[in-house]
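Chain by chain, the residues:
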Amino acid sequence: MTGNSLLSVEDVTVNLPTPRGNLRAVDHVDLTVGAGRTLGVVGESGCGKTMLSRAILQLLPKKAKLSGRVMFDGQDLLKLSPEKLRQLRGRSLAVVFQDPMTSLNPVLTIGTQLIETLQEHLELDDAAATRRSVELLAAVGIPAPEQRLAQYPHQLSGGMRQRVAIAIALSCEPKLLIADEPTTALDVTIQAQILDLLAREQRRRHMAMIIITHDLGVVAGRTDEVAVMYAGRVVERAPTPDLFKKMRMPYTEALLAALPRLDAAPHTPLPAISGRPPDPTRPLRGCSFSPRCRYALARCQAEKPALEAAETSAHTFACFHPIETRADANA
Amino acid sequence: MMLQSVPSISPGALLKVDDLVVEYPVGSKIVHAVSGVSLQIARGETLGLVGESGCGKSTLGRAVLQLRRPTAGRVSFDGQDLTAMHGEALRRMRQRVQLIFQDPIASLNPRRRIGDIVAEPLVIAGVKDPEKRKQLVYEVLAAVGLDPNLVVGRLPHEFSGGQCQRICIARALVLNPEFIVCDEPVSALDVSIRAQILNLLEEMKGRFGLTLLFIAHDLAVVKAVSDRVAVMYLGRLCEVGPSEQLFAHPAHPYTALLIEAIPVPDPDVRPTETVPIGEPPSPIAPPSGCRFRTRCPRADQRCSDEMPELRAVAPGQLVACHHPLI
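Just so you know, these numbers come straight off a predicted model, no measurement behind them. (Residues numbered from 1 in each chain as written. Chains lettered and ligands numbered in written order. Predicted model: local features only at pLDDT ≥ 70, side-chain atom pairs only at ≥ 80, totals over all residues.)

So, about the interface of chain B and chain A. Listed per partner, the contact involves 42 residues of chain B and 43 residues of chain A. Considering every element that reaches the side of chain B that touches chain A, the biggest residue donor is helix α7 (residues 191-208) of chain B, with eight residues. Among the residues making up the side of chain B that touches chain A, the classes are represented as 22 nonpolar, 10 polar and 10 charged. (Contact = placed C-beta atoms within 7 Å. Helix = DSSP H or I, 4+ residues; strand = E, 2+ residues; numbered from the N terminus. Nonpolar A, V, L, I, M, F, W, Y, C, P; charged D, E, K, R; others polar.)

Quick look at the UniProt feature "domain: ABC transporter" (unreviewed entry) in chain B now. Annotation from UniProt places "domain: ABC transporter" (unreviewed entry) at residues 15-259 of chain B. Secondary structure within residues 15-259 of chain B divides into 39% helix and 27% strand; the distance between the first and last C-alpha atoms comes to 27 Å. (UniProt positions renumbered as here; feature names shortened; annotations may be inferred.)

Let us now look at the sheet that holds strand β2 (residues 29-42) of chain B. All names here are of chain B. Spatially, β2-β1-β4-β5 is the arrangement adopted by the four strands of the open sheet, whose pairing is antiparallel. At either margin of the open sheet sits one strand with a lone partner, and together these are β2 and β5 (80-81). Here two bridges tie strand β4 (residues 72-77) to β5, and the two strands are oriented antiparallel to one another. In the sheet register, Ser76 faces β5, and the bridge partner there is Asp81. Against the sheet, helix α1 (residues 57-64) makes contact with β1 (13-26), β2 and β4, and its axis sits at roughly 120° relative to β1, the strand it touches most. (Pairing = 2+ DSSP bridges. Axes fitted to C-alpha atoms, helices over the stretch in contact; angles between N-to-C directions.)

The next thing to look at is the packing of helix α6 (residues 161-173) of chain B against α7(B). Residues and elements named next belong to chain B. Following both chains from N to C, one finds α6 and α7 inclined at 15°, their axes separated by 10 Å at the closest point. Between α6 and α7, the interaxial angle falls into the category roughly parallel. As for the relative orientation of α6 and α7, their crossing is right-handed in sense. In this structure, α6 contributes Gly161, Gly162, Gln165, Arg166, Ile169 and Leu173 to the contact, and α7 contributes Ile193, Gln196, Ile197, Leu200, Met204 and Phe208. Of the residues contributing to the contact of α6 with α7, the split by class is seven nonpolar, four polar and one charged. (Parallel < 35°, antiparallel > 145°, perpendicular 65-115°, else oblique. Left-handed = near helix turned anticlockwise from the far one by under 90°.)

Moving on, we get to the sheet that holds strand β12 (residues 317-319) of chain B. All names here are of chain B. In spatial order, the strands read β6-β7-β8-β3-β9-β10-β12-β11; together these eight strands make up an open sheet with mixed pairing. Edge positions in the open sheet fall to β6 (97-100) and β11 (311-314), since each of these has one partner strand only. Strand-to-strand twist across the sheet, computed as the mean angle between neighbouring axes with direction ignored, equals 20°. Where strand β9 (residues 228-233) and strand β10 (residues 236-242) come together, six bridges link them in antiparallel fashion. Among the inter-strand pairings, Met232 is bridged to a residue of β10, identified as Leu237.

So, about the environment of A:Arg132. All names here are of chain A. With respect to the helices and strands, the residue Arg132 is situated in helix α5 (residues 126-139). For Arg132, a count of 18 C-beta atoms within 10 Å corresponds to the partly exposed category. Sequence separation between Arg132 and Ser171 is 39 residues; the distance between their C-alpha atoms is 8.2 Å. If sequence neighbours within four positions are ignored, Arg132 has contacts with Leu118 and Leu124. (Buried ≥ 20, exposed ≤ 12 C-beta atoms within 10 Å, placed from the backbone.)

As structure tokens, this is what we get:
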């Protein structure tokens with residue numbers, strides 16, 4: 001698998017010491033992303049999706065303990081020097097965060113931030129870097145890009161700031177872009193525009209992308225593959241159509257069912273998931289979803305199910321009592 | 001402490017908002033947050049109010065409850081003009097109307113115990129008997145799905161976001177109100193918790209005979225609970241109609257855009273590349289005529305010259321557009 005994937009996350013575990021004890025944020029996660037492919041990582045708050053992205057980027061809190069291996073473009077990221085890592089990040093490995101206000105420097109102009117990134121990683125003189133910055137801002141749909149260079153982040157709207165953050169992330173033609181809840185802070189019409197923009201730039205640049213989100217709607221039409229996380233683990237992973245149509249993990253099913261749908265009549269009661277996710281400082285012995293799962297039996301509380309393959313090796317799930325695949329409608 | 005009931009002017013409509021305007025200064029400029037909104041909510045009805053950030057939907061919700069005094073216009077509740085009420089009369093009226101906020105954790109005082117938080121409206125309303133208060137608090141906590149014995153002595157930080165929202169709902173219900181403004185009550189919650197709270201609100205609505213103004217930016221959430229939906233853009237209503245009708249046959253181009261922009265959790269529904277329609281203009285300098293015209297694919301000269309008024313296009317469906325889709 002490692003041979004043809006751009007990124008491979010192998011048995012990654014992240015532990016964070018907290019006043020209440022050790023918090024296992026990421027629990028033995030394996031993932032791969034091929035060049036030009038899009039992986040969606042879906043889960044609710046506290047499921048470890050952001051810590052996983054930070055583990056890939058090597059941007060974990062100082063106290064965090066990471067084990068496992070992260071291979072990117074043939075290099076083991078955990079073995080790289082801080083200097084090498086810095087060169088890699090922003091160049092071939094880029095990131096867009098949820099809140100562009102925190103990822104942009106409030107006291108520097110948009111132009112300074114773009115030009116700085118370009119000159120840090122590429123050998124460009126001032127004129128070439130400025131020209132390139134204008135092109136990038138135009139490419140991400142910012143009107144009057146020349147004038148924007150002199151503006152500060154606070155002078156832009158949330159959607160425009162996120163476009164700038166994307167322009168900076170794309171500036172050095174990364175091979176992989178990690179988008180961590182890139183549209184969660186934005187309005188729905190702006191969200192659609194930003195997701196379109198990411199998809200378009202990805203196709204154009206043949207870039208791989210990881211979209212981290214809590215919203216199954218965001219990954220449905222825009223990813224090749226989806227990994228569902230719960231309590232630090234990947235509990236199901238499948239090519240996107242299979243995940244939505246032939247899901248095996250009860251959590252995936254419950255998460256999808258709990259979404260209000262536009263095609264449902266008003267006042268239709270939602271099949272809610274009872275209870276709430278487990279306390280990550282107190283790991284459960286068995287399946288971490290078992291206390292909320294309507295299919296759970298005694299074994300689920302006693303033993304942790306391993307990820308195993310469904311019909312194809314591309315589809316894996318961790319459950320002792322998986323949902324029987326419905327009659328294949330596509331047949 | 002019984003409130004005398006006043007015969008309502010228009011039978012059925014518990015809340016009537018007439019030509020409501022809310023403007024406030026920011027520096028030397030004026031923000032036109034709500035610019036002439038009229039709507040009615042019938043007793044027992046849920047009206048959903050959708051729109052993007054900055055469209056004035058929260059300001060409208062607050063102005064309805066007189067938490068922000070409107071600049072002009074009238075709000076009548078059960079036949080009484082709230083905009084003309086002050087002091088004690090307004091405070092008494094407020095016992096019949098409540099508000100639930102977006103951030104459940106921030107809306108609970110971190111230093112007070114849950115039992116006191118939920119009892120506070122009773123104290124303010126003058127329920128002097130501590131035993132009576134305790135009984136009402138226990139009843140309402142049980143109604144929202146919490147174990148009163150386990151929660152009354154604890155502090156807000158001991159609860160998750162979903163549980164805090166249950167506590168906020170309990171506090172809103174403890175005076176047995178008739179009308180609640182829910183301002184983005186589930187947008188801070190995770191999907192699995194959101195469904196629990198939406199179901200709870202629906203259940204409480206039936207049990208307490210509530211009338212709701214449900215404000216949210218998420219159209220699917222709004223549809224799930226609303227009998228009718230009002231769509232707001234830059235301080236004005238674009239469209240109002242029965243939920244099913246509005247979502248199946250939107251008449252306003254903005255409503256259609258909002259519906260189209262929702263990511264659908266179905267891989268067979270390929271996202272249509274949305275026309276790049278930019279961002280909403282500032283409410284400090286809203287466009288002339290139809291406020292949506294700067295982003296509207298159907299806009300023409302008339303849209304900048306003439307403000308469209310709400311008019312009926314189908315039974316119960318009103319639209320403010322010169323070129324409606326139906």
